[in-house]
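Letter by letter, the chains look like this.
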Amino acid sequence: LHPLHVESVAWISERKDVLSTLFGLLTLLAYVRYVELSKVQSPKSKVWYGLALFGFALGLLSKPMLVTLPFVLLLLDFWPLGRFKPASGQTGWTRSYQLIVEKLPFFALSVASSDITFWAQKTTGAVATLGTTPLPDRLANAAVAYVTYLDKAFWPTKLALPYPFVLNLPAMKVAQAVICFLGATVLSFLAARRAPYVLVGWLWFVGTLVPVIGLVQVGGQAMADRYTYIPLMGVFLMVTWGAVDLTAW
């Protein structure tokens, strides 16, 4: 229903966005079921782990936007699943290592999908070189894009197709974006103990945008509304649980 999601559901060539998100959400559901059953050491937990991995593979085949989903699984391990708490006789580092090893098959699929996608884009000439789009301009655009996406999430005006990539963005605009981005990141970590959903939601938003934020520049766009289809779930997560906490007062 959000205006930024119009492209994904109305543009026929972006139905892959909807399909990959469907498989991504099914992956999360299967993973949560796996976690629940593994707590009671049920043999069925392995089946649900396999289903989660299979759903993830289907999601990547639909659209490689899901390459950062293994990091989302780790975020869910932190909250609300609470799996980072070490068991008796365990250290925090040991528990973290176990959870990362558990995700290695997911990371392997992400790496394979990223390599194939990059190779395909590069062979068609879609990937911009550092000569045409220097790294400082990419970093500046990424900072501005993060803040702009967040702004449009709450005040969706001046939507466009496309948003052209602009070299040499005004230094003041970039500085403001960097300050806002770093400030929000610091605040999310400070809120982690009392409101862990803030940290999880923010890192979900930031992390799932990494593949399309422009560090690897494909095409001539600076950003695109359709890229927010999955990342904004993190923002909605923060808003939803924040509203629950506020009304509980």
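Everything that follows concerns the structure shown earlier in this document.
I will try to describe carefully the structure that is included in this document.

Reading the values: rules and limits
- Residues numbered from 1 in each chain as written.
- Predicted model: local features only at pLDDT ≥ 70, side-chain atom pairs only at ≥ 80, totals over all residues.
- Heavy atoms only, no water.
- Helix = DSSP H or I, 4+ residues; strand = E, 2+ residues; numbered from the N terminus.
- Rg over C-alpha atoms; globule rule 2.2 N^0.38 Å.
- Contact = heavy atoms within 4.5 Å.
- Core = buried A, V, L, I, M, F, W, Y, C linked by side-chain atoms within 4.5 Å.
- Buried < 20%, exposed > 50% of the residue type's maximum accessible area, 1.4 Å probe, protein only.
- Expected span 1.5 Å × (residues − 1).
- Patch = residues over 30% accessible without salt bridge, like charges linked within 9 Å, V, L, I, M, F, W, Y side chains within 5 Å.
- Areas by Shrake-Rupley, 256 points an atom, 1.4 Å probe, with all protein chains shown as cover.
- Salt bridge = Lys/Arg side-chain N within 4 Å of Asp/Glu carboxyl O.
- Axes fitted to C-alpha atoms, helices over the stretch in contact; angles between N-to-C directions.
- Parallel < 35°, antiparallel > 145°, perpendicular 65-115°, else oblique.
- Nonpolar A, V, L, I, M, F, W, Y, C, P; charged D, E, K, R; others polar.
- Phe/Tyr/Trp six-rings, centres within 6.5 Å; stacked < 30°, edge-to-face > 60°.
- Left-handed = near helix turned anticlockwise from the far one by under 90°.

### Some remarks on the overall build of the protein
Inference 1: Of regular secondary structure, the protein possesses 10 helices and 2 strands.
Inference 2: Its helices and strands taken in sequence order, the protein reads α-α-α-α-α-α-α-β-α-α-β-α from the N to the C terminus.
Inference 3: For the protein, whose C-alpha radius of gyration is 19 Å, the value lies close to the compact-globule estimate of 18 Å for 249 residues.
Inference 4: Taking the principal axes of its C-alpha atoms as reference, the protein extends roughly 55 × 45 × 35 Å.
Inference 5: Taking the contacts inside the protein whose residues are at least 6 apart along the sequence as the reference set, 77% of them involve residues at least 24 apart.

### As for the nonpolar core
Where a protein is soluble and globular, its nonpolar side chains tend to be buried together.
Inference 1: Grouped together as the largest cluster of nonpolar side chains are 45 residues, with contacts concentrated most on Leu 28, Tyr 31, Tyr 149, Trp 204, Phe 205 and Leu 209.
Inference 2: Breaking this core down by element, the ones donating at least two residues are helix 2 (15-39), helix 3 (44-62), helix 4 (69-78), helix 7 (135-154), helix 9 (196-209) and helix 10 (232-248).
Inference 3: In this structure, Ala 140, Ala 143, Val 174 and Ala 177 belong to the second largest nonpolar core, which totals 5 residues.

### Examining helix 10
Inference 1: Between its terminal C-alpha atoms helix 10 stretches 24 Å, which fits the 24 Å expected from 17 residues at 1.5 Å a residue.
Inference 2: Every buried residue of helix 10 is listed here: Leu 232, Gly 234, Val 235, Leu 237, Met 238 and Gly 242.
Inference 3: Those residues of helix 10 hidden inside the fold are in contact with helix 7 and helix 9.

### Remarks on the environment of Asp 245
Inference 1: By the element assignment, Asp 245 lies in helix 10.
Inference 2: Given a relative accessible area of 31%, Asp 245 falls into the partly exposed group.

### Describing a nonpolar patch on the surface
Inference 1: A cluster of nonpolar side chains, contributed by Phe 118, Leu 130, Leu 135, Leu 139, Leu 215 and Val 216, occupies part of the molecular surface with about 540 Å² of accessible area.
Inference 2: On the secondary structure map, Leu 135 appears in helix 7.

### Considering unusual backbone geometry
Inference 1: Between Trp 79 and Pro 80 the backbone carries a cis peptide bond, its omega angle lying at 10°.
Inference 2: Following Leu 161, the chain continues to Pro 162 via a peptide bond in cis, the omega torsion being 0°.
Inference 3: Along the chain, Pro 162 falls in the loop between helix 7 and strand 1 (163-164).
Inference 4: The phi dihedral of Gln 41 is positive, around 55°, even though this residue is not glycine.
Inference 5: Inspection of the secondary structure puts Gln 41 in the loop between helix 2 and helix 3.

### Some points on the packing of helix 4 against helix 9
Inference 1: Two elements in contact, helix 4 and helix 9, have axes separated by 10 Å at closest approach and are oriented at 180°. On the basis of their axis angle, the class for helix 4 and helix 9 is roughly antiparallel. Facing Val 72, Leu 75, Leu 76 and Phe 78 of helix 4, the residues of helix 9 in contact are Pro 196, Leu 199, Val 200, Leu 203, Trp 204 and Thr 208.
Inference 2: Of the residues in the contact of helix 4 with helix 9, the class split is 9 nonpolar, 1 polar and no charged.

### Notes on the packing of aromatic side chains
The relative placement of two aromatic rings is captured by the distance of their centres and the angle of their planes.
Inference 1: As enumerated under the stated definition, the model contains 11 aromatic pairs in all.
Inference 2: Look at Tyr 34 and Tyr 49: their rings are 5.2 Å apart centre to centre, the planes differ by 65°, and that puts the pair in the edge-to-face class. With Tyr 34 in helix 2 and Tyr 49 in helix 3, this pair connects stretches of sequence that are 15 residues apart. Each of the two residues, Tyr 34 as well as Tyr 49, counts as buried.
Inference 3: Here a set of aromatic residues connected by ring pairs shows up, and it is made of Tyr 31, Tyr 34, Tyr 49, Phe 56 and Phe 106.

### Let's talk about the packing of helix 2 against helix 4
Inference 1: Here helix 2 crosses helix 4 at 40°, and the two axes come no closer than 11 Å. You can see that helix 2 and helix 4 cross each other, and the crossing is right-handed. Counted together, Gly 24, Thr 27, Leu 28 and Tyr 31 of helix 2 and Leu 69, Val 72, Leu 73, Leu 76 and Asp 77 of helix 4 form the full contact between these two elements.
Inference 2: A class-by-class count of the residues in the contact of helix 2 with helix 4 yields 6 nonpolar, 2 polar and 1 charged.

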